[in-house]
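# Residue-level structure breakdown
These are the residues of each chain, in order.
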Amino acid sequence: SRNGLICLVESTNIYDKDLGGQYTIKEYRSRKTITEDSWQHEEISLHPLSTDMNFETIVLRDEETIDFKVIGEFVRVL
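Presented here is a report on the structure given in the accompanying data block. (Residues numbered from 1 in each chain as written. Predicted model: local features only at pLDDT ≥ 70, side-chain atom pairs only at ≥ 80, totals over all residues. Heavy atoms only, no water.)

### Looking at the sheet that holds strand S1 (residues 6-11)
- Read from one edge of the open sheet, 5 strands run S4-S3-S2-S1-S5, paired in antiparallel fashion. At either end of the open sheet lies a strand with only one pairing partner, and these are strand S4 (58-60) and strand S5 (68-73). Recorded for the sheet is a direction-independent mean angle of 40° between the axes of neighbouring strands.
- For strand S3 (residues 39-47) and S4, the ladder comprises 3 bridges, and the chain directions are antiparallel. Bridge assignment links Leu46 to a residue of S4, and that residue is Ile58. (Pairing = 2+ DSSP bridges. Helix = DSSP H or I, 4+ residues; strand = E, 2+ residues; numbered from the N terminus. Axes fitted to C-alpha atoms, helices over the stretch in contact; angles between N-to-C directions.)

And the structure:
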């Protein structure tokens, strides 16, 4: 699971007017429904790491996840 990991996420729904990018770095969290045979996401949320800026949490449900792709995960500082 990516729960709690810091992720670099790409999306066509994101546009940074200053840098022209379509990426964000956020903490990944998800809620899942688990059955005997499988699991399914109820909701994925991407939480901002900065508390001094006015960045918003991105909440994804159902088809909204199609436009978002995890490109990388933060592992450690070298």
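### Notes on the layout of surface pockets
- Of the pockets and cavities examined, the largest pocket occupies roughly 500 Å³.
- Lining the largest pocket we find 19 residues, and of these Ile14, Tyr23, Thr24, Lys26 and Phe55 sit closest to its centre.
- If one sorts the elements of the lining of the largest pocket by residue count, strand S2 (residues 23-34) sits on top with 4 residues.
- Partitioned by chemical class, the residues of the lining of the largest pocket number 10 nonpolar, 4 polar and 5 charged. (1 Å grid on protein atoms, 1.4 Å probe; cavity = no way out; pocket = protein on both sides within 12 Å on 5 of 7 lines; lining within 4 Å. Points joined across faces, edges and corners; volume = space filled by probe spheres on them. Nonpolar A, V, L, I, M, F, W, Y, C, P; charged D, E, K, R; others polar.)

### Observations regarding the packing of aromatic side chains
- According to the stated counting rule, one finds 0 aromatic pairs in the structure shown.
- Geometry around Trp39 places Lys32 over its ring, the cationic atom sitting 5.1 Å from the centre. (Phe/Tyr/Trp six-rings, centres within 6.5 Å; stacked < 30°, edge-to-face > 60°. Lys NZ or Arg CZ within 6 Å of the ring centre and 35° of its normal.)

### Let's talk about the nonpolar core
- Residues Cys7, Val9, Ile14, Tyr28, Ile44, Leu46, Leu60 and Phe68 constitute the largest nonpolar core, which totals 8 residues.
- Mapped by element, the contributors of at least two residues to this core are S1 and S3.
- Ignoring any residue separated from it by four or fewer positions in sequence, one finds Val9 in contact with Gln22, Tyr23, Thr24, Leu46, Phe68, Lys69 and Val70. (Core = buried A, V, L, I, M, F, W, Y, C linked by side-chain atoms within 4.5 Å. Buried < 20%, exposed > 50% of the residue type's maximum accessible area, 1.4 Å probe, protein only. Contact = heavy atoms within 4.5 Å.)

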